[in-house]
Structure formats: C-alpha cells, structure tokens
Amino acid sequence: MHRLRELERVEWRILGALRFVDATTGVPIVRNLSVDAPGASLVRNRSGIYVIRHWGALTAHENEFLAPPATPAPASQTLSLSVTDPAGDYLGVAAHIGLPRTSNPAQADAADSLFRPAVVPLYPSASAPVGANWAVLRVSLTETTSGDALGGALLRIQFNGTVLARGLTDWRGEALVPVLGVPVTTFSEDANAVVISEINVSVQAAFDSESGSRTPAAQVRAGHPPVALPLVDPSALESAFDDLPHTQAGLSIAARRSQSVVLSLNLP
C-alpha cells in the first residue's frame, strides 16, 4: 500500500453564484461578461456561472465548511453588482443578490438556496440580432416637453393582462423588444373573422429619474453619450412600475413583423 503525502491543500467555500440569461429566450449567456461587485471577488466557471468566492461582509463564512455562522441571517445582506457586455449585444444592468444563501441541502430547491445560482436576465441592445419568426418592436422614448431621450426605462409588452416581453432603453432612448411566441395565425375574438395573423397589445414604459438618464435631443443627434450610461435594476423598476411616471400605447403585432413605436412620457 502506497503512502500519500499531502503537499498542498487549497479549499474555499462559495458564498453564492449568479447565472446570466437572455431576457428574451431565457437561454444562459455563457460568454465573458464584465461583472463588478465592490468588496467582492467573483470567478466565472466553465458553465458561464459567476461564483462569489469572497465578500468582506461574509468573511467569517469563508472558512466554515460544515456549519456556517448563525449570523447574519440568510438574505439579510445585499451584494450589489453591475453587469456589462463587452460585445455590446446586451445593455448593462444593476443587480442585487441577498446573502448569505440558505445552505441546508434539504432546501436545495429553494430560490435562495446556496445550491442554486441567482438568475439575472440581460436585455438586448438596439443592435442585437433577432430571430426569424419573432415580432420585433423598436421603441423610442422621449420626455414630452423637452424631447430629451430617456435611458434606462423599462418597457413591457402586455397582452390580455399578461406580460409577453420586456426591454430597456439605452442612453438614446432606443430599445429593441423582441416578442417570442406570437402565432402566425390564431383564433379571433371577432365574430366576422375566424382566424387572424396579428394580436393587439399594450406597449408600456416606466421611467425612474433617480436611476435613468435624460439626454438632450441635440446631444443624441451628435452621437455624444452622457458621461455615465444608465445602469438600472430592472426588477426594481418592475416592482415600482405603477408608482413611477409611465405611459402606454396600443399596437397590433405579428410574427415576422418588425415595426417602430414612438412614445413620450410626461415627467415632473
């Protein structure tokens, strides 16, 4: 029997993980992204998941393998991150994850489990590629009085009370919002038409002046972006949607159709 001698041991305990997905398709984004989390260290693994290895607020957790410290309580601390796509296909977003994660294996299926990565959707930029059978909306959002472009606004496409798709505006107030699953033909509610090739939806937009950007129209035309590009948290905008300044317009959309929508929003 051969004797083994340990020369070196490297052990580290993960604090959590994040998986970035395409907001349109839900497909994981496996290529390199730029993820910045002040005070924390993240490592991208081979599956494209970003693993949180260190965070100053949870230093005591990093060396405890069998039983994590009792404090702080699960999800009582919030790690803030910013995510950008060097390739430019996705807009940058702010994201937040509650730590520490629940480490009980019996609760591995829970949304806040250490054994499940937090899912962060990324929204397409105006230049992102689109699919052949998608309904594609190219939305422009401005402030009504000044004509300023509104960046970092959340867009929703709603049909019969259900949100079919979401998008974000860039600093120019432009957004690409693809809608998947619109049937080529579907049954009509009109007694005079058996089937139809388009559906009526509501295009909604909400803007938060605290996190979004306002860029004068002349600056947009000159192609000069603001010093800081909008970096918003889509989930926070979604939660506050009805309380934020918002607007909407009706529209008919169809599979394989690309169309433009111009919206304006009154701001205080």
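Described in the following lines is the structure provided in the data block. Everything quoted here is computed from the prediction, not taken from an experiment.

1. Quick notes on the nonpolar core
Core analysis: the largest hydrophobic core is formed by 31 residues, its most contacted members being Phe20, Leu79, Ile97 and Leu122. For this core, the elements supplying multiple residues, two or more each, are strand E1 (16–22), strand E4 (50–55), strand E5 (77–84), strand E6 (93–99) and strand E7 (118–122). By residue number, the principal contributor to this core is E6, which donates 4 residues. One finds Val139, Leu155, Ala165 and Leu267 within the second-largest nonpolar core, a separate group that totals 24 residues.

2. Points about the pairing of E6
Across the 7 residues that make up E6, a large majority, 5, are buried. Relative to E6, E5 runs antiparallel, the two being bridged by 7 bridges. Its bridge partner lying in E6, leucine 81 is registered against alanine 95.

3. What about unusual backbone geometry?
Geometrically, the link from threonine 71 to proline 72 is a cis peptide bond, its omega value of -5 degrees lying close to zero. Note that proline 72 resides in the loop between E4 and E5. With an omega of -5 degrees, the peptide bond running from leucine 99 to proline 100 counts as cis. One non-glycine residue with positive phi stands out, namely asparagine 160, at about 50 degrees. With respect to the helices, strands and loops of the structure, asparagine 160 is situated in the loop between strand E10 (154–159) and strand E11 (162–168). Its relative accessible area of 61% is what places asparagine 160 among the exposed residues. For arginine 256, which is not glycine, the phi torsion reads 70 degrees and is therefore positive. Note on placement: arginine 256 falls in the loop between strand E17 (246–253) and strand E18 (258–265).

4. A word on the pattern of salt bridges
Scanning the model with the defined rule gives 8 salt bridges in all. Taking the shortest distance from any N to any O, the salt bridge between glutamate 238 and arginine 156 comes out at 2.7 Å. With glutamate 238 in helix H2 (residues 234–239) and arginine 156 in strand E10, this residue pair connects regions lying 82 residues apart in the sequence. The class of glutamate 238 is partly exposed, set by a relative accessible area of 23%. Here glutamate 238 makes a salt bridge to arginine 166, at a shortest N to O gap of 2.8 Å. With glutamate 238 in helix H2 and arginine 166 in strand E11, this pair connects stretches of sequence that are 72 residues apart. Within the structure, one salt-bridge network assembled from shared partners comprises Arg31, Asp85 and Asp89.

5. Section: the sheet that holds E1
Read across the open sheet, the 4 strands follow the order E3-E4-E1-E7; overall the sheet is mixed. Every other strand in the sheet has two partners, leaving strand E3 (40–44) and E7 as the edge strands with one partner each. Averaged over all adjacent pairs, the angle separating strand axes in this sheet is 30 degrees, with direction ignored. In the sheet, E1 pairs with E4 via 3 bridges, with the strands oriented antiparallel. Directly across from glycine 16, in E4, lies its bridge partner isoleucine 52.

6. Notes on the sheet that holds strand E15 (residues 199–206)
Sheet strands line up and pair through hydrogen bonds in the backbone, either parallel or antiparallel. Spatial strand order, E11-E10-E15-E17: 4 strands in an open sheet with antiparallel pairing. With one partner strand each, in any of the chains shown, E11 and E17 form the two edges of the open sheet. Each adjacent strand pair in this sheet contributes to an overall mean axis angle of 25 degrees, direction not counted. Judged from the 5 bridges that link them, E10 and E15 form a sheet pairing that is antiparallel.

About the criteria used
Residues numbered from 1 in each chain as written. Predicted model: local features only at pLDDT ≥ 70, side-chain atom pairs only at ≥ 80, totals over all residues. Heavy atoms only, no water. Core = buried A, V, L, I, M, F, W, Y, C linked by side-chain atoms within 4.5 Å. Buried < 20%, exposed > 50% of the residue type's maximum accessible area, 1.4 Å probe, protein only. Helix = DSSP H or I, 4+ residues; strand = E, 2+ residues; numbered from the N terminus. Pairing = 2+ DSSP bridges. Salt bridge = Lys/Arg side-chain N within 4 Å of Asp/Glu carboxyl O. Axes fitted to C-alpha atoms, helices over the stretch in contact; angles between N-to-C directions.

The quantities given are spatial measurements derived from coordinates; they are silent on function.
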